[in-house]
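Architecture at a glance
Chain by chain, the residues:
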Amino acid sequence: MMSPGSNLSVERLRILREFADRGTVGAVAAALSMTPSAVSQQLKVLTREAGVTLLEPSGRRVRLTDAGHALVVRADEVLAALDRAVAEMAHYRGSPRGQVRVAVFPSGGALLLPHVLPAMAGSGVDIVAGDEDVPPTETPRLLADYDIVLTHRDERAAPVSGPRISSRVLMREPIDVLVPPGHPLAGKSAVTPAELAEEAWLSVRGGFPVDDVLRSIATVTGVAPRIVQRLNDFRMIETLVAAGYGVALMPRYVVTHTGLSQLRLSGVRAARLYDLVTRPRADSRPAIAAVLDSFVAAARRTTAEPPPAAPGQ
């Protein structure tokens, strides 16, 4: 008779990983088109196969035990190895091929996908993109549904990390100040935080890199910013700046409104970093590696192009 742990089911390991990603039996059932009772039963069988307790009560729900968390990490390795085996077989058929699910934050997707998608067209790799506008701290949960997540963070913030996450910096994008035509600062190429202390601001919601820079300006000036609107759509913010409702911080490469002045911000580290986040060793799959390389090429092309000059410069 085989001892506990000697015959762990791959499919049940996949269900355990889904539970770790999604947090509830009901969410796993919905994702895998199973019933909650079937999910619970499979997890009970896996517990018997492992020979240790993998789940424990937590209020009206269950959560992973320490042993459960440890097995999830090994499940990632097992499932990644299977993916590599499939990819290697595909290589002999002239790969990379297959579907790659990619999550992008909206402004980053608008900037890079127009380069990435044409580059992958006809390659045999089918990119399925989804726009996900979440703070960097919420990136890990997206890996339940995506192979690659393009996220962004303030350059002073630490990257998303963990035993089940691999993250690499893709590019750096400076953050400039946008002012409307006729603004007293419109003719300048750079501006200091002190010159902005009394401005009305159009900003993004808290937790995103642009808001982090605005808080840095407040630290330097000692003056809390007067934020008149918080919106996460940069096109809307540009339109309101142009209409004279305030000034705004804007990532340099996403500005499209030609009537606004882009001013470099002096005295504050003002930039956001783009990160590509995957499961560890996900790039061993040729299809995922090809998409990651395409994002790298798109970022190089984007950062090599000079930003548009401000009016009058």
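What you see is a predicted model, and the numbers here were worked out from it, not measured in a lab.

Moving on, we get to the overall build of the protein. Secondary structure summary: the protein contains nine helices and twelve strands in total. Projected onto its principal axes, the C-alpha positions of the protein cover 85 × 50 × 30 Å. Out of the 313 residues in the protein, the part that is buried amounts to 47%. Nonlocal contacts in the protein, meaning residues at least 24 apart in sequence, comprise 76% of its contacts between residues at least 6 apart.

Within the largest apolar cluster, 58 residues are counted, with the highest numbers of intra-cluster contacts made by L249, L265 and F295. The greatest single-element share of this core, amounting to eight residues, is contributed by helix α9 (residues 286–304). Residues lining this core come from more than one domain, with at least three contributed by each of domain 2 (95–171 + 273–304) and domain 3 (173–268). For L265, the contacting residues outside a window of four places in its chain are I175, V177, V191, P193, L196, V213, I217, L249 and A270. In terms of nonpolar packing, the next biggest core, distinct from the first, is built from 17 residues, L13, L46, L71 and A75 among them.

Moving on: the packing of helix α1 (residues 10–22) against helix α2 (residues 25–32). In the contact formed by α1 and α2, the axes pass within 9 Å of each other and the chain directions differ by 120°. One way to sum up the angle between α1 and α2 is to call them oblique. When you trace α1 past α2, the crossing you get is right-handed. Residues I15, E18, F19 and R22 of α1 pack against V25, A27, V28, A31 and L32 of α2. Split by residue class, the contact of α1 with α2 holds seven nonpolar, no polar and two charged.

Attention now moves to the packing of aromatic side chains. Counting across every chain of the model gives one aromatic pair. When the ring of F105 is compared with that of Y274, the centres are 5.2 Å apart and the planes differ by 65°; the resulting orientation is edge-to-face. Within this pair, whereas F105 is found in the loop between β3 (98–104) and α5 (106–120), its partner Y274 is found in strand β12 (residues 271–278), the two being separated by 169 residues in sequence. Residue classification places F105 among the buried residues on the basis of a relative accessible area of 2%.

Evaluated as defined, the whole model comprises 25 salt bridges. As a salt-bridge pair, R17 and D76 come within 3.5 Å of each other at their nearest N and O atoms. Pair noted here: R17 is in helix α1 and D76 is in helix α4 (residues 66–91), with a separation of 59 residues, a long-range link. With respect to class, R17 is no different from D76; both count as buried. Between R153 and D275 there is a salt bridge whose closest N-O contact spans 2.4 Å. Residue R153 is located in strand β5 (residues 148–154), and its partner D275 is located in strand β12; the two are separated by 122 residues in the primary sequence.

It is worth spelling out the pairing of strand β1 (residues 55–58) at this point. Pairing analysis gives four bridges linking β1 to strand β2 (residues 61–64), with the strands arranged antiparallel. Note that in β2 the partner of S58 across the bridge is R61. The turn linking β1 back onto β2 is made up of two residues, and G59 within it adopts a positive phi angle of 65°.

Calculation rules
- Residues numbered from 1 in each chain as written.
- Predicted model: local features only at pLDDT ≥ 70, side-chain atom pairs only at ≥ 80, totals over all residues.
- Heavy atoms only, no water.
- Helix = DSSP H or I, 4+ residues; strand = E, 2+ residues; numbered from the N terminus.
- Buried < 20%, exposed > 50% of the residue type's maximum accessible area, 1.4 Å probe, protein only.
- Contact = heavy atoms within 4.5 Å.
- Core = buried A, V, L, I, M, F, W, Y, C linked by side-chain atoms within 4.5 Å.
- Domains from an automatic or database assignment.
- Axes fitted to C-alpha atoms, helices over the stretch in contact; angles between N-to-C directions.
- Parallel < 35°, antiparallel > 145°, perpendicular 65-115°, else oblique.
- Left-handed = near helix turned anticlockwise from the far one by under 90°.
- Nonpolar A, V, L, I, M, F, W, Y, C, P; charged D, E, K, R; others polar.
- Phe/Tyr/Trp six-rings, centres within 6.5 Å; stacked < 30°, edge-to-face > 60°.
- Salt bridge = Lys/Arg side-chain N within 4 Å of Asp/Glu carboxyl O.
- Pairing = 2+ DSSP bridges.

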